[in-house]
Number of protein chains: 2
Amino acid sequence: MKNRNFLFGDDEGTCDIKVIHEESINRAKDALLDEDTYVELSETFKLFGNPTRLKILTLLAVEDLCVCDICEALAMSQSAVSHQLKTLRAKNLVKYTKEGKQARYSLADKHVIEILKIGIEHVLE
Amino acid sequence: MKNRNFLFGDDEGTCDIKVIHEESINRAKDALLDEDTYVELSETFKLFGNPTRLKILTLLAVEDLCVCDICEALAMSQSAVSHQLKTLRAKNLVKYTKEGKQARYSLADKHVIEILKIGIEHVLE
DNA sequence: TGTACATATGAACATATTATCATATAACGA
DNA sequence: TCGTTATATGATAATATGTTCATATGTACA
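Small disclaimer: the values here were computed from a predicted structure and weren't measured.

Asker: A description of the sheet that holds strand E3 (residues 102-107) of chain B should follow, citing residues and the corresponding values.
Answerer: All names here are of chain B. Strand order in this open sheet of three strands is E1-E3-E2, and the pairing throughout is antiparallel. A single partner strand is all that each edge strand has here, and the edge strands are strand E1 (65-66) and strand E2 (94-99). Bridge analysis of E2 against E3 gives six bridges, and the strand direction is antiparallel. In the strand pairing of E3, Glu99 is matched with Gln102.

Put into structure tokens, the structure is as follows:
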């Protein structure tokens, strides 16, 4: 089973690394969220991890825009922009309404601007 | 099929769609930051776009921990954790102090917890 | 109708990311 | 010194990502 060492704590057997600060580990582990939550969270943050999407979000923070407006503003292809809008939609960061031939996009979530602001604060320090 | 521009030859491959809302485009474009800032920003946000790193940040939000504590808490290899800590260090999200053989890691930036909180709010809605 | 316009999307390719493996470094005790 | 422990890191392979190309869908208007 386990090797027991009263001075330095239990050895975990399968893991070859000694547990050094068991109390701290337990407190920290209690704060961990569900695996599913972390996957969801990471997928959402991943959307902020790309310059093109950050630019789109910046634009939409100022003005609701249709797809071709965004293409024009960023000098990017319609396809590239449309694909990115799709991924942003999938995680509820943007929404759109159909207006005739056009699709008018806007931010879907108040958190988007908050996250952008804090991120900018961080990198500008 | 592709439109051809007889004055300037083939278009630049960017966007041959007509400008629909020029005023809006100009206002939105004014809000855009430097390209370099977006690259920096995206690299920082990218760090939040991975479940392992999110877990590490959660742990460090509660307790300063050494590398093997984190390995233990996440049941992950020392190498994987160490690599992720390196990337987190590179963007100033965590810092560490050497204590003998160990390296005690902690959050380096107050923004980390704020960003985590807002992200969690978003996904839990 | 037919045609141009606005957007969406599947496939494919190049690049980026992440965990693993093997190994290096560095501190400590015997 | 040697051996053990704690951490760091280069190389690699599997997977994910982002743009382009080609094409599909849907709308408006002559």
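Asker: Account for the protein's contact with DNA strand D, with residues named and values stated.
Answerer: In the vicinity of DNA strand D, 26 residues are found, and the nearest of them are Ser79 and Gln84 of chain A together with Gln78, Ser79 and His83 of chain B. Among the atoms of DNA strand D close to the protein, meaning within 4 Å, 61% are from sugar or phosphate groups. Between DNA strand D and Ser79 of chain A there is a distance of 2.5 Å, counted from a base nitrogen to a side-chain nitrogen or oxygen. Separating a base oxygen of DNA strand D from a side-chain N or O atom of His83 of chain B is a distance of 2.8 Å. Residue assignment for the surface near DNA strand D shows that the elements contributing at least two residues are helix H3 (51-62) and helix H5 (78-90) of chain A together with helix H4 (67-74), helix H5 (78-90) and E3 of chain B. Among the elements that take part in the surface near DNA strand D, H5 of chain B stands out by supplying six residues, more than any other. Considered class by class, the residues forming the surface near DNA strand D number seven nonpolar, twelve polar and seven charged.

Asker: Residue-level account of H4 of chain B, with values.
Answerer: Each α-helix turn comprises 3.6 residues. Residues three or four places apart therefore point the same way. Of all eight residues that make up H4 of chain B, eight are buried, and the element is covered over most of its length. All buried positions along H4 of chain B are accounted for by Val67, Cys68, Asp69, Ile70, Cys71, Glu72, Ala73 and Leu74 of chain B. Where H4 of chain B is buried, its residues contact helix H1 (22-30) of chain A together with helix H3 (51-62), E1, H5 and E3 of chain B. With its phi angle positive at about 55°, Ala75 of chain B sits one or two positions after the end of H4 of chain B.

Asker: Lay out the interface of chain B and chain A with the relevant residues and their values.
Answerer: Of the residues lining the interface, 63 residues belong to chain B; the matching set on chain A comes to 63 residues. Buried surface at the junction of chain B and chain A, summed over both partners, amounts to about 5,500 Å²; 70% is from carbon and sulfur atoms. Contact with chain A buries surface across chain B, with Phe45, Glu72 and His122 of chain B losing the most and accounting together for 12% of the total. Linking chain B to chain A there are six salt bridges. Those elements giving two or more residues to the side of chain B that touches chain A turn out to be helix H1 (22-30), helix H2 (35-47), H3, E1, H4, E3 and helix H6 (111-124) of chain B.

Asker: Describe the sheet that holds strand E2 (residues 94-99) of chain A, naming the residues involved and giving the relevant values.
Answerer: All names here are of chain A. What the three strands build is an open sheet, ordered E1-E3-E2; its pairing is antiparallel. The open sheet has two edge strands with one neighbour each: strand E1 (65-66) and E2. Across two bridges, the pairing between E1 and strand E3 (residues 102-107) is antiparallel. Note on E3: the bridge partner recorded for Leu65 is Tyr105.

About the thresholds
Residues numbered from 1 in each chain as written. Chains lettered and ligands numbered in written order. Predicted model: local features only at pLDDT ≥ 70, side-chain atom pairs only at ≥ 80, totals over all residues. Heavy atoms only, no water. Pairing = 2+ DSSP bridges. Helix = DSSP H or I, 4+ residues; strand = E, 2+ residues; numbered from the N terminus. Near = heavy atom within 4 Å. Polar contact = N/O pair within 3.5 Å; in protein donor to acceptor, adjacent residues only side chain to side chain. Nonpolar A, V, L, I, M, F, W, Y, C, P; charged D, E, K, R; others polar. Buried < 20%, exposed > 50% of the residue type's maximum accessible area, 1.4 Å probe, protein only. Contact = heavy atoms within 4.5 Å. Buried area = accessible area lost by both parts, 1.4 Å probe. Salt bridge = Lys/Arg side-chain N within 4 Å of Asp/Glu carboxyl O.

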